[in-house]
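Coordinate inspection notes
For reference, the chains in residue letters:
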Amino acid sequence: MKIGIAVLGAGRWGVNLIRNFLEHPNSQVLAVVDPNRDSLAAVQKQFNLDASVILATDWSQVQALPGLEAVAIATPASTHYTLAAAALKQGYHVLAEKPLALNLTEAIELCQLAEKQQRQLFVDHTYLFHPAVDRGQRIIQQHQLGKLRYGYAQRTHFEPVRHDVDALWDLAVHDLVIFNTWLKQTPIEVRAIGTVFPKEEGRGKKEEGRRKKEEGRGKKEEGINKDAAEIENQLPPSLLTTNPAEKLADLVWVTLTYPDGFQAFIHLCWLNPDKQRRLTVVGSLGTLIFDEMSPETPLIVQRGNPDWGGKQNNSFESAIASQPTSIRHREVLSLEQVEPLRRVCDRFLTCVQTNTPCLTSSGAASVELIRILSTLSKSLELGGQPLIPF
């Protein structure tokens, strides 16, 4: 029997969710909700939706829809907690776009609510379902890189500039989840420094107009569930206040230190002229490179021996003479050709059917990531002070 789903949000990512759920044999898209009527019209035209699919501007219009079992949330991050809490309270399973919430208190609250309602809370950390991340994890866990030295990542682009979260909360979680998965560890110390760039006058007016537009959209999305506001008002004050709207960092440098001494350095920016999606792990026997912007060669292992075989050389010059190059072989790794988001949707539907959590993408797993992001935000506020995730 197909699982009835409502997709909240018909923007860039919402459209991808709609497409995947429409194509999946075990799901039936019953409704699409978005405050923007033009977005709804575009979705109707793009997918030639059946007349039975409800297109609504307010979540309250489909809350009691017969056959509805699950809700997929692809709205601005600042609305995730409110919508997820409301859906869970109504007894629906929830797939939420990252981040699950913007502070630790709300994330924990959602997990507790899902457990109380005995419903699945699934967070769309798409990279956990990427074939390159699967293959990279096997490479590292089989010790093919030797002793791991350090890692670094670049995640940059030129717009969109968000107005509800900073570059840290918008971008960092992807590289954080990959490093944690590959290393099978979580950081014991984190550090972040950032910059807010002054906006050009013309651009500033443009962004001000966009901000007001999004604020208007936010007000409409508050109406997506009036009951949700009551839930939010009942919560205790947040323990961790993050991302003040007036100072959202455009550029952030992150340092993660892991229990075994491994360090990862992440460059995040949404004002870069070149788009980068690259993550590297360097070991004593080779280097693993995941470059999403190289579709023909997304995952590469450069095998070599930077330690020059471990030989005791009397000088740097003699070491160079005995080993002309440290990179002796470059291997492009073959990957399964499958869309990661398709895997996400498939796993979510399986979790709903069996009412069992996905250990890597459950609400509880997301809480740990939000704990780290919240600590990074605190470090950012303190000018880059190293902190232990709390």
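Preceding block: the structure.
Presented here is a report on the structure given in the accompanying data block.

About the thresholds
- Residues numbered from 1 in each chain as written.
- Predicted model: local features only at pLDDT ≥ 70, side-chain atom pairs only at ≥ 80, totals over all residues.
- Heavy atoms only, no water.
- Helix = DSSP H or I, 4+ residues; strand = E, 2+ residues; numbered from the N terminus.
- Buried < 20%, exposed > 50% of the residue type's maximum accessible area, 1.4 Å probe, protein only.
- Contact = heavy atoms within 4.5 Å.
- Areas by Shrake-Rupley, 256 points an atom, 1.4 Å probe, with all protein chains shown as cover.
- Salt bridge = Lys/Arg side-chain N within 4 Å of Asp/Glu carboxyl O.
- Pairing = 2+ DSSP bridges.
- Right-handed = clockwise from strand over helix to strand, strands pointing away.

Moving on to the overall build of the chain. Helices and strands together make up the secondary structure of the chain, namely 11 helices and 14 strands. Sorting the 390 residues of the chain into buried and exposed places 53% on the buried side. Long-range contacts, defined here as pairs at least 24 residues apart, represent 75% of the contacts in the chain between residues at least 6 apart. Accessible surface, the chain as shown: approximately 18,400 Å² in total, 51% of it carbon and sulfur.

Scanning the entire structure with this criterion turns up 11 salt bridges. The partner of glutamate 339 in a salt bridge is arginine 19, and the shortest N-O contact between them spans 2.8 Å. One end of the pair, glutamate 339, is in the loop between strand E14 (327-332) and helix H10 (340-354); the other, arginine 19, is in helix H1 (residues 12-23), and 320 residues separate them in sequence. A residue is classified by how much of its surface remains accessible, and arginine 19, at 22% relative accessible area, is partly exposed. Here glutamate 23 ties to arginine 342 by a salt bridge, and the two come within 2.3 Å at their closest N and O atoms. Taken together, the residues span a long stretch of sequence, with glutamate 23 in helix H1 and arginine 342 in helix H10 at a distance of 319 residues. Taking relative accessible area as the criterion, arginine 342 reaches 30% and is therefore assigned partly exposed. It is possible to trace a salt-bridge network through shared partners that takes in Lys98, Arg162 and Asp170.

Attention now goes to the pairing of strand E2 (residues 27-33). Burial runs high along E2: 6 of the 7 residues are buried. Two strands pair when backbone bridges link them, and E2 and strand E3 (residues 54-56) are joined in this way by 3 bridges, in the parallel orientation. If you follow alanine 31 over to E3, its bridge partner there is isoleucine 54. At this point the chain moves from E2, through helix H2 (residues 37-47), to the parallel E3, and the crossover so formed is right-handed.

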